[in-house]
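# Topology and contacts: notes
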Amino acid sequence: MNGISIVRIYGLLFIIGLMVSSITFADNRNDATNATKAANDKLHQYLPFGDKQSFEDAHKGFIAPLPQNVIKGEAGNVVWNPAQYDFIKEGEAAPDTVNPSLWRQSQLINISGLFKVTDGIYQVRNQDLSNMTIIEGDQGVTIVDPMISAETAKVGLDLYYANQG
């Protein structure tokens, strides 16, 4: 292919992309079936959902909340939107369509911010799809799991440095 053909192909693909992006899709979500509701109810009765120790443990050592700004890359693309999981509220019952154990786990994961684990060890939790562990040493810090992008890692480190003193 010569250069003109490639340009035309990319242009055509761009136009097709614009056309596809303007199509609205029907919301085909359904309510939970009776079988799903019954299975979730049975599981809810079986597991000790009244035990809140995991939530107490997850909040232990809390120092500061995460910033709530959308994190963008250099090109202006959204790297992380902290509000995307706001529908998961701690203490709320699982929707009929969701396994209650999975909902509880999601509530625990959604507990976010900067936490002191023990002297010299901190975590930035739920800044993206991972947790950053910061270990203070005599000659600086060691970062374990630096998150999924440089942008989220920077926000996590900024939170750590802003709250250590």
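Structure: see above.
Here the structure is a predicted model, which is why all the values come from computation and not from measurement.

## Re the pattern of salt bridges
Taken as a whole, this structure holds two salt bridges when the rule is applied. When the shortest N-O distance is used, the salt bridge between lysine 116 and aspartate 119 registers 3.0 Å. Since its relative accessible area comes to 63%, aspartate 119 is described here as exposed. One salt bridge in this structure joins aspartate 158 and lysine 154, with 2.7 Å as the shortest N-O distance. You can see aspartate 158 and its partner lysine 154 sitting in helix α5 (residues 150-163), four residues apart, about one turn around the helix.

## Here we look at the side chain of glutamine 123
Tracing the sequence through the fold places glutamine 123 in strand β5 (residues 121-125). Side-chain polar atoms of glutamine 123 contact the side chain of arginine 125, separated by 2.8 Å. Residues within four places of glutamine 123 in sequence aside, it is in contact with Gly113, Leu114, Phe115, Val117, Met132 and Thr133.

## Brief notes about the pairing of strand β4 (residues 113-118)
Taken together, the two bridges between strand β1 (residues 62-64) and β4 define a ladder with antiparallel strand orientation. Looking across to β4, one finds that alanine 64 is bridged to leucine 114.

## Overview of the nonpolar core
Ala64, Leu66, Leu114, Tyr122, Val124, Met132, Ile134, Met147, Ala153, Leu159 and Tyr160 together form the largest nonpolar core, which totals eleven residues. Of all elements in the fold, only β5, β6 (132-137) and α5 reach the threshold of two or more residues within this core. A total of three residues in this core trace back to one element, the largest contributor, which is α5. Residue contacts for methionine 132: discarding those within four places in its chain leaves Tyr122, Gln123, Val124, Ile143, Val144, Asp145, Pro146, Met147, Ala153 and Leu157. Counting residues in hydrophobic clusters, the runner-up holds five residues, among them Phe55, Leu108, Ile111 and Phe115.

## Observations regarding helix α4 (residues 100-109)
Buried within α4 are the following residues: Pro100, Trp103, Arg104, Gln107 and Leu108. Looking straight down α4, one finds its buried side chains confined to an arc of 140°; they lie on one side. The exposed set on the far side of α4, more than 90 degrees from its buried face, consists of Leu102 and Ile109. Residues of α4 that are buried make contact with α2 (34-46) and α3 (53-59). Two to three positions downstream of the cap, the backbone nitrogen of serine 101 sits 2.8 Å from a side-chain oxygen, assigning the N-cap of α4 to asparagine 99.

## What about the pairing of β5?
Taken across its five residues, β5 has four buried, putting it largely inside the fold. As defined by bridge partners, β4 adjoins β5 across five bridges and the pair is classed as antiparallel. Pairing of glycine 113 across the sheet is with arginine 125, part of β5. Counting the residues between successive antiparallel strands, the hairpin from β4 to β5 contains two residues, one of them, glycine 120, with a positive phi of roughly 80°.

## Considerations on the packing of aromatic side chains
What characterises a pair of aromatic rings is the spacing of the ring centres plus the angle enclosed by the ring planes. Here the structure, examined in full by the defined rule, presents five aromatic pairs. Put simply, the rings of Tyr122, Tyr160 and Tyr161 touch in pairs and so form one group of aromatic residues. For arginine 125, the ring lying beneath its charged end belongs to phenylalanine 115, and the centroid distance is 4.1 Å.

## Topic: unusual backbone geometry
For aspartate 145, which is not glycine, the phi torsion reads 60° and is therefore positive. Along the polypeptide, aspartate 145 turns up in the loop between β7 (140-144) and α5. Residue classification places aspartate 145 among the partly exposed positions, given a relative accessible area of 38%. Here methionine 147, not a glycine, exhibits a phi torsion of approximately 80°, which is positive. If you trace the backbone, methionine 147 turns up in the loop between β7 and α5.

Criteria and thresholds
Sequence order as written defines residue numbering, which begins from 1 separately in each chain. In view of the model being predicted, local features appear only for residues whose pLDDT reaches at least 70, and side-chain atom pairs are presented and counted only at 80 or more, with totals across whole chains, interfaces and linings using the full set of residues. With hydrogens and water set aside, each side-chain value is computed from the structure's full complement of heavy atoms. By salt bridge we mean one thing: a side-chain nitrogen of Lys or Arg within 4 Å of a carboxyl oxygen of Asp or Glu. Buried residues are those whose accessible area, probed at 1.4 Å on protein chains only, stays under 20% of the maximum for their type, while exposed residues exceed 50% and partly exposed ones sit between those limits. The helix count covers DSSP runs of H or I at least four residues long, the strand count covers runs of E at least two residues long, and both are numbered beginning at the N terminus. N or O atoms within 3.5 Å of each other form a polar contact, as long as, within protein, one can give a hydrogen and the other can take it, and as long as residues adjacent in sequence are counted only when both atoms are side-chain atoms. The contact rule is simple, with two residues in contact once any of their heavy atoms fall within 4.5 Å. Between any two strands, at least two bridges found by DSSP are needed for them to pair. Definition of nonpolar core: a set of buried residues of the types Ala, Val, Leu, Ile, Met, Phe, Trp, Tyr and Cys, connected through side-chain atoms within 4.5 Å. This arc is taken over the directions from the axis of the helix to the C-beta atoms. Here is the rule: rings of Phe, Tyr and Trp (six-membered ring for Trp) pair when centre to centre is within 6.5 Å. Planes less than 30 degrees apart are stacked, more than 60 are edge-to-face, and the remainder are tilted. Placement of a charge over a ring requires the Lys NZ or Arg CZ to be within 6 Å of the ring centre, with the centre-to-atom vector within 35 degrees of the ring normal.

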